[in-house]
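Results of the structural survey
Each chain, letter by letter, is given below.
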Amino acid sequence: MNLNQLFQNHCKKNNLEINPNQLNLINELNHFYDLNFNQSFLKKIFSKKNSKPGFYLYGDVGVGKTMIFNFFLDQVNEKKLRKHFNEFMLNFHDFFHDRKDKNEENIINQFVKDLKSKASLIYFDEFQVTNIVDAMILGKLFDQIFKEDIKIIVTSNTKISELYKDGLQRDQFKPFIKIMEDQSIEHELKIEDDYRKSNDNQKQRYFYPLNEETNFKINKFFRTITKGKKQSSMTLNVKGRDFKIENFYEGIAKFDFNELCDQNLGAEDYLEIIKNCKFIVINQVPQFSDTNSNQQQRFITLLDVIYDKNISIAVTANQNLDKFTSSRLLEKPFNRTISRLYELTSKENNL
């Protein structure tokens, strides 16, 4: 597979800048593919010591990690899955809950065998570990994934050695770090500019500051996109928890920030909301600091889900996007959120 030429054709077709660092990554992916999928049995025996079943890509926001891995996955003819990491872990916890009468090791084996029946290559997008439950299970889970000879590709903003840094009981997470370092090619993608913030992608549906004029603009915008649509309310139920959407217009919904991020909601709730929405307005997003870091973490998770499902949004806040502050522990993942807000509220991302 001449991935380099295919990628250059893809860039030209979609009017994308061809960057040498991205081309270098493409060549590394081509090598990864050849070692894992494109060899005779004899060649595999002799190259096994050079072959690793994982490819872990990290780098700053907006450098094209997701775009390149989506392109790569499109070229691969093997059985494959693309999973946002939050969604993947929710699937595992649901699987575990349904079989909680069995021991953990057997459940992990069953889950991975089920994965293997669906794919020989899995793409985990936006890999991050934020809670102790996931941190404690990942070593055993990924050890079994590699034992079943499932290949994985991963994107993250963080190098492997710094995953779950400063997290609770991090010692229990270190076996996973060793597994990933031993089993993965680790590659950093560096590019000077965040493409999402380029002049061709200026924000068009981000309204600030919070005043009467902004309120008028967002209300006028919302009336325009819901014209002729019937208003209703909708109650969603996620594992026994009810969540009511008050302002719902045939797939278009409006929320205050506090409705989505100031109560006990998580990725599974946001996924259920997104299933029913094609456009979302989020009003009154606040500044963030150490005092509201829980709300900030929910907002980061919400934006990850929205971005992954390609849902357009409009947002109101009290300051320009480049003036947001953050809690100390969430500065790095929040940089990704800001970058995605540029893209999700741009004119290129339409209804």
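Placed above this text is the structure.
Right, let's walk through the structure included here. Here the structure is a predicted model, which means the values were calculated and not measured. (Residues numbered from 1 in each chain as written. Predicted model: local features only at pLDDT ≥ 70, side-chain atom pairs only at ≥ 80, totals over all residues. Heavy atoms only, no water.)

A few points about a positive patch on the surface
On the surface, Lys 159, Lys 165, Lys 190 and Lys 332 cluster together to form a positively charged patch. Under the relative-accessibility criterion, Lys 332 is labelled partly exposed at 40%. (Patch = residues over 30% accessible without salt bridge, like charges linked within 9 Å, V, L, I, M, F, W, Y side chains within 5 Å. Areas by Shrake-Rupley, 256 points an atom, 1.4 Å probe, with all protein chains shown as cover. Salt bridge = Lys/Arg side-chain N within 4 Å of Asp/Glu carboxyl O. Lys, Arg positive; Asp, Glu negative; His and termini not counted. Charge placed at Lys NZ, Arg CZ, Asp CG, Glu CD. Buried < 20%, exposed > 50% of the residue type's maximum accessible area, 1.4 Å probe, protein only.)

Describing the sheet that holds strand 3 (residues 121–125)
The parallel open sheet is built from five strands, whose spatial order is 2-3-4-1-5. The open sheet has two edge strands with one neighbour each: strand 2 (80–84) and strand 5 (184–188). Geometrically, the sheet is characterised by an average inter-axis angle of 15 degrees between neighbouring strands, direction not taken into account. Across five bridges, the pairing between strand 1 (residues 54–58) and strand 4 (residues 151–156) is parallel. Following the sheet pairing, Phe 55 is matched in strand 4 by Ile 153. Of the strands in this sheet, strand 1, strand 4 and strand 5 touch helix 8 (residues 174–183), which is tilted by about 85 degrees from strand 5. (Pairing = 2+ DSSP bridges. Helix = DSSP H or I, 4+ residues; strand = E, 2+ residues; numbered from the N terminus. Axes fitted to C-alpha atoms, helices over the stretch in contact; angles between N-to-C directions. Contact = heavy atoms within 4.5 Å.)

As for unusual backbone geometry
Cis geometry marks the peptide bond from Tyr 208 to Pro 209, where omega comes out at -10 degrees. With respect to the secondary-structure elements, Pro 209 resides in the loop between strand 6 (206–207) and helix 9 (212–225). Backbone geometry at Tyr 164 places phi at a positive 55 degrees, although glycine is not the residue there. Of note, Tyr 164 is situated in the loop between strand 4 and helix 8.

Section: the packing of aromatic side chains
Scanning the entire structure with this criterion turns up 31 aromatic pairs. With centroids separated by 6.0 Å and ring planes inclined at 75 degrees, the aromatic side chains of Phe 55 and Phe 69 adopt a geometry described as edge-to-face. Within this pair, whereas Phe 55 is found in strand 1, its partner Phe 69 is found in helix 4 (residues 65–75), the two being separated by 14 residues in sequence. The exposure class of Phe 55 is buried, given its relative accessible area of 0%. The exposure class assigned to Phe 69 is buried, which follows from its relative accessible area of 0%. Of note, Lys 151 hangs over the ring of Phe 37, and the distance from its end group to the ring centre comes to 5.8 Å. Here the guanidinium or amino end of Lys 254 rests over the ring plane of Phe 222, the centre of that ring lying 4.6 Å away. (Phe/Tyr/Trp six-rings, centres within 6.5 Å; stacked < 30°, edge-to-face > 60°. Lys NZ or Arg CZ within 6 Å of the ring centre and 35° of its normal.)

Considerations on the side chain of Glu 126
With respect to the helices, strands and loops of the structure, Glu 126 is situated in the loop between strand 3 and helix 7 (132–147). Taking relative accessible area as the criterion, Glu 126 reaches 4% and is therefore assigned buried. At 3.4 Å, the side chain of Glu 126 forms a polar contact with the side chain of Arg 336. Separated by 2.3 Å, the side chains of Glu 126 and Arg 340 make a polar contact. The contacts of Glu 126, once residues within four sequence positions are left out, are Thr 66, His 84, Phe 85, Thr 155, Asn 157, Arg 336 and Arg 340. (Polar contact = N/O pair within 3.5 Å; in protein donor to acceptor, adjacent residues only side chain to side chain.)

So, the sheet that holds strand 10 (residues 279–285)
Ordered in space as 6-11-10-9-8-7, the six strands form an open sheet in which the pairing is mixed. The sheet terminates laterally at strand 6 and strand 7 (231–238), the two strands that pair on one side only. Strand direction decides the pairing type here: strand 6 and strand 11 (residues 312–317), joined by two bridges, are parallel. Bridge pairing in strand 11 places Phe 207 opposite Thr 316.

Thoughts on helix 8
Every buried residue of helix 8 is listed here: Phe 176, Ile 177, Ile 179 and Met 180. Looking straight down helix 8, one finds its buried side chains confined to an arc of 160 degrees; they lie on one side. Buried residues in helix 8 make contact with strand 1, helix 7, strand 4 and strand 5. (Arc of directions from axis to C-beta.)

A few points about the environment of Lys 275
Examined against the element boundaries, Lys 275 turns out to sit in helix 11 (residues 267–275). By relative accessible area, which is 66% here, Lys 275 ends up exposed. Sequence-wise, Lys 275 and Thr 345 are 70 residues apart; in three dimensions their C-alpha atoms are separated by 19 Å.

Re helix 6 (residues 104–118)
The first and last C-alpha atoms of helix 6 sit 22 Å apart over 15 residues, in line with the 21 Å expected at 1.5 Å per residue. Looking at helix 6, one finds that the buried residues are Ile 107, Ile 108, Phe 111, Val 112 and Leu 115. One face of helix 6 carries all of its buried residues, which in axial projection span an arc of 125 degrees. Exposed side chains of helix 6 directed beyond 90 degrees from the buried face belong to Glu 105 and Lys 113. (Expected span 1.5 Å × (residues − 1).)

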